[in-house]
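Structural overview for review
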Amino acid sequence: MLYLDPMRNRNRWEVFKDYVFPLAAWFSLAISITSLVITLQR
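Residues numbered from 1 in each chain as written. Predicted model: local features only at pLDDT ≥ 70, side-chain atom pairs only at ≥ 80, totals over all residues. Heavy atoms only, no water.

Moving on to helix H1 (residues 12-41). Given a rise of 1.5 Å per residue, 30 residues ought to cover 44 Å, and the 42 Å separating the end C-alpha atoms of H1 matches this to within 8%. Maximal helix bending in H1 amounts to about 30°, located at Val20; proline Pro22 follows within four positions. (Helix = DSSP H or I, 4+ residues; strand = E, 2+ residues; numbered from the N terminus. Expected span 1.5 Å × (residues − 1). Bend = angle between axes of the 7 residues up to and from the residue.)

What follows is the structure, encoded as structure tokens:
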């Protein structure tokens, strides 16, 4: 039963903090690398 309920006893902020913040770090890294490549091409 616990496997079927991934939130368990966690609130929305904890889920947001655990799953979205690491993705935000990777997203910002991808944006910075893309901007560096665009800058070097000009």
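Along the polypeptide, Ser28 turns up in helix H1. Classification of Ser28 by relative accessible area gives partly exposed; the value is 42%. With 17 residues separating them in the primary sequence, Ser28 and Asn11 have C-alpha atoms 26 Å apart. (Buried < 20%, exposed > 50% of the residue type's maximum accessible area, 1.4 Å probe, protein only.)

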